[in-house]
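Residue strings, one per chain:
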Amino acid sequence: DISVDEASLKLKKLIVNGEKAEDEEDSKPSASFSDDAVAKKTLVEMYDSKKKRREEESQAALKFNQKPAAGLKYAAERGHLDDDDPVDVARYLLQNKDIFEKAQIGEYLGREKEWQGGFALKVLRAYGEALDFKGMTFDEAIRYYLSGFRLPGEAQKIDRIMEVFAARYTDQNPTTFPTADSAFILAFSIIMLNTDLHNPAIKEERKMTIQSFIRMNSGVCDGGDFPDEMLTDIFNRIKTDPISLKEDDDARESAGISKGGSSNTTLSAAGLSEFFFGSHYVELDKTRETNYQKEGDQIVRDTESMLRRRRKASKTPGKHHPSEKSRHEGLKHTASVKFVGTADSG
């Protein structure tokens, strides 16, 4: 299996060699010319095939970036994947994560459970199963997981995506958390922490502290607490090195803004949301700027409500694994709210 460029180079060499051969003595066996002709034909076919496939992949990416389902259908019709197999679709998304728009990958993975009979949810689970988190710290694994797509802006979509991550991480690191439910709560808290610490719209005195982060996660580790040392280490790593996509880091660098947000250039609230969740989720209407803090406060209240429900359920015998319905009750008001920022919940 060779690339288009390699095939082109070999073809050129054969042509040059063939031209040289024509100038040589006629006493050379004619079979060699026949062999060269066959080789040339084979390379031409390989070149054309590679070129065609590359054009199809480019067209599939264009269609996917406009509408994921259309892009997948186009690629499947040309034999690039089996779009009826969630495992193969997950493989295809991972394989093309640096070509497709990561915001669109995240949107597809976060689709409603009912969409196409739950197909997107099956793809999401297969996507998680394809990743290896063995031996990683919890926040390191989250970084790796989120490197392939951009989180959607809606809390319920984040919920589904992080629930799959928590189940996979717990399965591969069974001694880290007592239950996958505990891992899910902490994962959601880390996303909240990341947005809070690196949101320039939130004043320093209002940003989350180590103490408030620990307090927010108290009593939710299967009825107990996460180790303070573990939470402190996570807090410090997130504060020093925010979770973000490489594309966003490059964009910030071009704009003269450091990854941590320290610069002479100050991002607006909508600007930070665009960097973390993508411009696809930022309303063009400037009135969203004035509503930003209200939305952030609403998310804090709803997230705290969810955590309180989890604490109560964890302390009740036989209720270590609340249903997804009860999980979403604490987030029902955020379904139409963009997950763009928080204030100090402590």
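Bear in mind that the values here come from a model prediction, so they are computed numbers and not experimental data.

K.L.:
Describe the overall build of the protein, with residues and values.
P.N.:
Looking only at helices and strands, the protein has 15 helices and zero strands in total. For the protein, buried positions account for 47% of its 346 residues. Summarising the internal contacts of the protein: among those between residues at least 6 apart in sequence, 68% fall at separations of at least 24. When the accessible surface of the protein is split by element, carbon and sulfur atoms take 49% of a total near 17800 Å².

K.L.:
Please give an account of the pattern of salt bridges that cites residues and values.
P.N.:
Within this structure, the stated rule accounts for 10 salt bridges. Its salt-bridge partner being Arg237, residue Asp139 comes within 2.7 Å of it at the nearest N-O pair. Of the two residues, Asp139 is situated in helix α7 (residues 138–146) and Arg237 in helix α11 (residues 228–240); the sequence distance between them amounts to 98 residues. Judged by relative accessible area, which is 34%, Arg237 ranks as partly exposed. Close ionic contact of Asp241 with Arg143 constitutes a salt bridge, the shortest N to O distance being 3.7 Å. Highlighted residues: Asp241 in the loop between α11 and α12 (246–254) and Arg143 in helix α7, separated in sequence by 98 residues.

K.L.:
Please set out helix α3 (residues 68–77) residue by residue, giving values where relevant.
P.N.:
Inspection of α3 places Pro68, Gly71, Leu72, Tyr74, Ala75 and Ala76 among the buried residues, and these make up the whole buried set. With its phi angle positive at about 80°, Gly79 sits one or two positions after the end of α3.

K.L.:
So what's going on with the environment of Phe133? Residues and values would help.
P.N.:
In this structure, Phe133 sits in the loop between α6 (119–129) and α7. The spatial distance from the C-alpha of Phe133 to the C-alpha of Tyr145 is 8.7 Å, given a sequence separation of 12 residues. In this structure, Phe133 is in contact with Ala141, Tyr144, Tyr145, Phe165, Arg168, Tyr169, Gln172 and Asn173, ignoring residues within four places of it in sequence.

K.L.:
Could you give an account of the packing of helix α8 (residues 155–172) against helix α9 (residues 180–197), naming the residues involved and the relevant values?
P.N.:
Their axes nearest at 8 Å, the elements α8 and α9 cross at an angle of 130°. Considered as vectors, α8 and α9 are oriented oblique to each other. Judged by the twist between their axes, the crossing of α8 over α9 is right-handed. Across the interface between the two elements, Ala155, Ile158, Asp159, Met162, Glu163, Phe165, Ala166, Ala167 and Thr170 of α8 pack against Ala180, Ala183, Phe184, Ala187 and Phe188 of α9. A class-by-class count of the residues in the contact of α8 with α9 yields 11 nonpolar, one polar and two charged.

K.L.:
Explain the packing of aromatic side chains to me, using residue names and the numbers behind them.
P.N.:
Tallying each qualifying case throughout the model produces 17 aromatic pairs. Considering the side-chain rings of Phe138 and Tyr169, the 5.1 Å spacing of their centres and the 75° angle between planes classify their relative orientation as edge-to-face. Of this pair, Phe138 sits in helix α7 while Tyr169 sits in helix α8, and the two are 31 residues apart along the sequence. Take Phe138 and Tyr169: they sit in the same class, and that class is buried.

K.L.:
Kindly report on the side chain of Asn217, identifying the contributing residues and their values.
P.N.:
Considering the arrangement of structural elements, one finds Asn217 in the loop between α10 (210–216) and α11. Side-chain polar atoms of Asn217 contact the side chain of Ser189, separated by 2.8 Å.

K.L.:
Give a description of the nonpolar core that names residues and reports values.
P.N.:
Counting residues in hydrophobic clusters, the biggest one holds 66 residues, and the most contacted among them are Leu93, Phe138, Ile142, Tyr145, Met162, Phe165 and Phe213. Setting aside residues up to four positions removed in sequence, Ile142 forms contacts with Met162, Phe165, Ala187, Ile190, Ile191 and Ile243.

K.L.:
Requested: an account of unusual backbone geometry, with residues and values cited.
P.N.:
In this structure, Gln116 is a non-glycine residue whose phi angle is positive, near 50°. Positionally, Gln116 belongs in the loop between α5 (102–109) and α6. A relative accessible area of 54% means that Gln116 is categorised as exposed. A positive phi angle, near 55°, is found at Asp222, a position not held by glycine. Counting through the fold element by element, Asp222 comes out in the loop between α10 and α11.

K.L.:
Break down α6 for me, citing the residues and quoting the values.
P.N.:
Structurally, the α-helix is built with 3.6 residues per turn, so residues lying three or four positions apart point the same way. Burial of α6 is extensive: eight of the 11 residues sit out of reach of the surface. The inward-facing, buried residues of α6 contact α4 (86–95), α5, α7 and α8.

K.L.:
Run through the environment of Arg168, naming residues and quoting values.
P.N.:
Assignment of secondary structure puts Arg168 in helix α8. Residue Arg168 is classed as buried on the basis of its relative accessible area, which comes to 13%. Note: C-alpha distance between Arg168 and Ala183 (15 residues apart in sequence) is 9.9 Å. Ignoring any residue separated from it by four or fewer positions in sequence, one finds Arg168 in contact with Gly128, Glu129, Leu131 and Phe133. Within the local environment of Arg168, its side chain forms a polar contact with the backbone oxygen of Gly128, the two atoms lying 3.3 Å apart.

Basis of the calculations
- Residues numbered from 1 in each chain as written.
- Predicted model: local features only at pLDDT ≥ 70, side-chain atom pairs only at ≥ 80, totals over all residues.
- Heavy atoms only, no water.
- Helix = DSSP H or I, 4+ residues; strand = E, 2+ residues; numbered from the N terminus.
- Buried < 20%, exposed > 50% of the residue type's maximum accessible area, 1.4 Å probe, protein only.
- Contact = heavy atoms within 4.5 Å.
- Areas by Shrake-Rupley, 256 points an atom, 1.4 Å probe, with all protein chains shown as cover.
- Salt bridge = Lys/Arg side-chain N within 4 Å of Asp/Glu carboxyl O.
- Axes fitted to C-alpha atoms, helices over the stretch in contact; angles between N-to-C directions.
- Parallel < 35°, antiparallel > 145°, perpendicular 65-115°, else oblique.
- Left-handed = near helix turned anticlockwise from the far one by under 90°.
- Nonpolar A, V, L, I, M, F, W, Y, C, P; charged D, E, K, R; others polar.
- Phe/Tyr/Trp six-rings, centres within 6.5 Å; stacked < 30°, edge-to-face > 60°.
- Polar contact = N/O pair within 3.5 Å; in protein donor to acceptor, adjacent residues only side chain to side chain.
- Core = buried A, V, L, I, M, F, W, Y, C linked by side-chain atoms within 4.5 Å.

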